[in-house]
Amino acid sequence: MLKLPSSVRVDAAPALWSSLQASLRAEAAQVSNGAGAELSINAAELQQFDSVVLTLLLSAARLCADLGLHLRVLNVPAKLQELARVYGVAELLWPELLESGQTA
């Protein structure tokens, strides 16, 4: 399972995306070889972030979809859930949770 770092800020986003993209592709190959359809990212360590984390997660979800996989973000901090709601993208990142009325 992939993990988000404790801090995701706009100044570090390009380097983080390059690393995350490579990790997603490698993980996707392993998941696909195991007949899986889902790739997970753990956000439990995420403490400091700005809106760029949403861009990274949406880009990661898009990349996973292009690879035929579903991205699941686990252990989402409440502040990130709220930020996603404010920006109107929560349903894109966590549709299954919103349908059931749960939080991520």
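Only a predicted model underlies this, so the values are computations on that prediction, with no experimental measurement involved. (Residues numbered from 1 in each chain as written. Predicted model: local features only at pLDDT ≥ 70, side-chain atom pairs only at ≥ 80, totals over all residues. Heavy atoms only, no water.)

1. What about the side chain of Glu 27?
Rule in force here: Secondary structure elements are taken from DSSP: a helix is a run of H or I of four residues or more, a strand is a run of E of two residues or more, and numbering for both begins at the N terminus. Here's how the labels work: a residue is buried when its accessible area is under 20% of the maximum for its type, exposed when over 50%, partly exposed in between, all with a 1.4 Å probe on protein chains only. His is not counted here, nor are the chain ends, while Lys and Arg score as positive and Asp and Glu score as negative. For salt bridges, the criterion is a side-chain nitrogen of Lys or Arg within 4 Å of an Asp or Glu carboxyl oxygen. Only heavy atoms matter for contacts: two residues are in contact if any of them lie within 4.5 Å across the pair.
With respect to the helices and strands, the residue Glu 27 is situated in helix H1 (residues 13–33). One buried charged residue, Glu 27, remains without a salt bridge, the closest side chain of opposite sign being Lys 3 at 12 Å. Not counting residues within four places of it along the chain, the set of residues in contact with Glu 27 comprises Met 1, Leu 2 and Leu 39.

2. Structural notes on helix H2 (residues 52–66)
To keep it simple, the criterion reads: Helix span, expected: 1.5 Å multiplied by one less than the number of residues in the helix.
For H2, which comprises 15 residues, the first-to-last C-alpha distance of 21 Å matches the rise-based estimate of 21 Å (1.5 Å per residue) to within 8%. Among the residues of H2, Val 52, Val 53, Leu 54, Leu 56, Leu 57, Ala 60, Leu 63 and Cys 64 are the ones counted as buried. Of the residues flanking the end of H2, it is Gly 68, one or two places downstream, whose phi is positive at about 80°.

3. Concerning the packing of aromatic side chains
In plain terms, the rule: Pairing of aromatic side chains requires ring centres within 6.5 Å, counting the rings of Phe and Tyr and the six-membered ring of Trp. Pairs whose planes differ by under 30 degrees are stacked, by over 60 edge-to-face, and all others tilted. Sitting over a ring, as applied to charges here, requires NZ of Lys or CZ of Arg to be within 6 Å of the ring centre and within 35 degrees of the ring normal.
According to the stated counting rule, one finds zero aromatic pairs in the structure shown. Of note, Lys 79 hangs over the ring of Phe 49, and the distance from its end group to the ring centre comes to 5.7 Å.

4. What about the packing of H1 against H2?
Stated formally: For every element, the axis is a line fit to its C-alpha atoms; helices are fit only across the contacting stretch, and the angle between N-to-C directions ranges from 0 to 180 degrees. Roughly parallel means an angle under 35 degrees; roughly antiparallel means over 145; roughly perpendicular covers 65 to 115; every other angle is labelled oblique. Crossing handedness: left-handed means the near helix sits turned counterclockwise from the far one by under a right angle, and right-handed means the same turn made clockwise. Residues are grouped as follows: Ala, Val, Leu, Ile, Met, Phe, Trp, Tyr, Cys and Pro are nonpolar; Asp, Glu, Lys and Arg are charged; all remaining types, including Gly, are polar.
Closest axis-to-axis distance for the H1/H2 pair is 11 Å, and the angle between their directions is 25°. Between H1 and H2, the angle falls in the class roughly parallel. Here H1 runs over H2; the crossing is right-handed. Contact residues: H1 offers Ala 13, Leu 16, Trp 17, Leu 20, Gln 21, Leu 24 and Arg 25, while H2 offers Val 52, Leu 56, Ser 59, Ala 60, Leu 63 and Cys 64. A class-by-class count of the residues in the contact of H1 with H2 yields ten nonpolar, two polar and one charged.

5. Looking at the environment of Ala 84
On the secondary structure map, Ala 84 appears in helix H3 (residues 78–87). Sequence separation of Ala 84 and Glu 27 is 57 residues, and the distance between their C-alpha atoms is 25 Å. Setting aside residues no more than four positions away along its own chain, Ala 84 makes contact with Leu 54, Val 89, Ala 90 and Trp 94.

Interpretation in functional terms is not warranted from these geometric data alone.
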